[in-house]
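One-letter residues, chain by chain:
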Amino acid sequence: MIELEGVPELIDPVMVAAFEGWNDAGDAASTAVAHLEREWKGEVFAALDAEDYYDFQVNRPTVFMDAGVRKITWPTTRLSVVRVGGEKPRDLVLVRGIEPSMRWRSFCNELLGFAHELGVELVVVLGALLGDTPHTRPVPVSGVTSDPDLAQRMDLEETKYEGPTGIVGVLQEACTHAGVPAVSLWAAVPHYVSQPPNPKATLALLNRLEDLLDLRIPQGELPEDARAWQVGVDQLAAEDSEVAEYVQTLEEARDTADLPEASGEAIAREFERYLRRRDVGPPGGKQRPPAAGGGGTKEDDDDSPED
């Protein structure tokens, strides 16, 4: 039985989770949750016992000095809560940690115990995978769920993935069995520039989360960091003719695949997203009120999201 103390009654809470490791190419997903914690000043209220889930020879603890005293930080998963202000305030329960080394079912059950105690209405798990996508184009983000009704209601894909999975897929399946609505958002990271950080992929995940939850997320320095990241990769690609040629091939394939999506409906949908993120009204219309809100690596060749 999980007993929570010091946590106020939450408003329409949604759990947003990300885990370092196999499901976190370029650290894009875990950085997205860290961004939410930082921008909304999340308060940590719980941490899972590291002894239960981590092999310390794989994820080693770190030693640091605090006012001249040596202390140890253990690898674990922490939960914090943030309140998103606005006309319709709501709370986010943020889960950030490392993919566990063992006892995955118990790990998921413990997280779901917190979700139940806090009255969480939806679980959103963020992930990032390596894919054949060019760094010069918008980052593809897929939203998938195992629930066909949820897929239709929230304009998501119903997952068809089969193959190896990580904690993201296991947690979503646990949510399904527990009757908790769950969604996973997957950003595709170019496999030829997979090293972290990848602020462009992080920003894409946050933008997709905005659309999913209909809230406004402060972007901070992420847009500038994303532009600087792309300029840096452009320069690296320009110095290697083979890489530049390969990027061009990916661009052509991506542009060809995107052509059917360039419909009037798709363009209008993107324009609505553009307006919503900038708090401006449509041409000739009234000013749009602010939206609610404040101020695995996957190492196989399949770039489809899992669960």
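Let's shift gears to the pairing of strand E6 (residues 90-98). Counting buried residues along E6, eight of its nine residues qualify, which places the element largely inside the surrounding structure. Bridge count between strand E1 (residues 14-20) and E6: seven bridges; the pairing is parallel. Within the sheet, the bridge partner assigned to Met-15 lies in E6 and is Val-93. Here strand E5 (residues 78-84) pairs with E6 via seven bridges, running antiparallel. Across the sheet, Ser-80 pairs through a bridge with Leu-94, a residue of E6.

Quick look at the nonpolar core now. With 39 residues, the main nonpolar core has Val-16, Leu-92, Val-124, Leu-126 and Leu-213 as its most contacted residues. In terms of residue count, helix H6 (residues 199-213) provides more of this core than any other element does, eight residues in total. Leave out the neighbours within four places in its chain, and Val-124 touches Val-14, Met-15, Val-16, Ala-17, Val-183, Leu-185, Leu-209, Leu-212 and Leu-213. Ala-50, Tyr-53, Phe-107 and Leu-171 belong to the second largest nonpolar core, which has 37 residues in total.

With that out of the way, let us pick up the sheet that holds E1. The strand order across the open sheet formed by eight strands is E2-E5-E6-E1-E7-E10-E8-E9, and the pairing between neighbours is mixed. Each edge of the sheet is formed by a strand with only one pairing partner; in this case those strands are strand E2 (43-47) and strand E9 (157-158). For E1 and strand E7 (residues 122-131), the ladder comprises four bridges, and the chain directions are parallel. Opposite Val-14, over in E7, you have Leu-122 as the bridge partner. Together, E1, E7, strand E8 (141-145) and strand E10 (182-190) form the strand contacts of helix H5 (residues 167-178), whose direction differs from that of E10 by roughly 165°.

With that out of the way, let us pick up a nonpolar patch on the surface. A cluster of nonpolar side chains, namely Val-63, Ile-72 and Trp-74, defines an oily patch on the protein surface of about 280 Å² accessible area. For Val-63, the position within the fold is in strand E3 (residues 62-66). Look at Val-63 and you get partly exposed, because its relative accessible area is 47%.

Among all residues except glycine, the phi angle is most often negative; among peptide bonds, the trans geometry is most common. Of note, the bond from Pro-196 into Pro-197 is cis; its omega dihedral lies within 30 degrees of zero at -5°. Inspection of the secondary structure assignment puts Pro-197 in the loop between E10 and H6. One non-glycine residue, Asp-27, lies in the positive phi region at around 55°. Tracing the chain through its elements places Asp-27 in the loop between E1 and helix H1 (28-39). According to the relative accessible area criterion, Asp-27 is partly exposed, its value standing at 31%. Even without a glycine there, the phi angle at Arg-103 is positive, about 55°.

It is worth spelling out the packing of helix H3 (residues 104-118) against H5 at this point. Helix packing geometry: the angle between the two helix axes and the distance between the axes. The N-to-C vectors of H3 and H5 enclose an angle of 55°; their axes lie 10 Å apart at closest approach. If you check the angle between H3 and H5, you find them oblique. Note on packing geometry: the crossing formed by H3 with H5 is right-handed. Between H3 and H5, the residues in contact are Trp-104, Phe-107, Cys-108, Leu-111 and Leu-112 and Ile-167, Val-170, Leu-171, Ala-174, Cys-175 and Ala-178, respectively.

Glancing now at the pairing of E5. Across the seven residues that make up E5, a large majority, five, are buried. Pairing analysis gives four bridges linking E2 to E5, with the strands arranged antiparallel. Opposite Ala-47, over in E5, you have Arg-78 as the bridge partner. The hairpin formed by E5 and E6 contains five residues between the paired strands, and Gly-86 there has a positive phi angle of roughly 125°.

Definitions and cut-offs
- Residues numbered from 1 in each chain as written.
- Predicted model: local features only at pLDDT ≥ 70, side-chain atom pairs only at ≥ 80, totals over all residues.
- Heavy atoms only, no water.
- Buried < 20%, exposed > 50% of the residue type's maximum accessible area, 1.4 Å probe, protein only.
- Helix = DSSP H or I, 4+ residues; strand = E, 2+ residues; numbered from the N terminus.
- Pairing = 2+ DSSP bridges.
- Core = buried A, V, L, I, M, F, W, Y, C linked by side-chain atoms within 4.5 Å.
- Contact = heavy atoms within 4.5 Å.
- Axes fitted to C-alpha atoms, helices over the stretch in contact; angles between N-to-C directions.
- Patch = residues over 30% accessible without salt bridge, like charges linked within 9 Å, V, L, I, M, F, W, Y side chains within 5 Å.
- Areas by Shrake-Rupley, 256 points an atom, 1.4 Å probe, with all protein chains shown as cover.
- Salt bridge = Lys/Arg side-chain N within 4 Å of Asp/Glu carboxyl O.
- Parallel < 35°, antiparallel > 145°, perpendicular 65-115°, else oblique.
- Left-handed = near helix turned anticlockwise from the far one by under 90°.

Without other data, these values stay purely geometric and don't point to any function.
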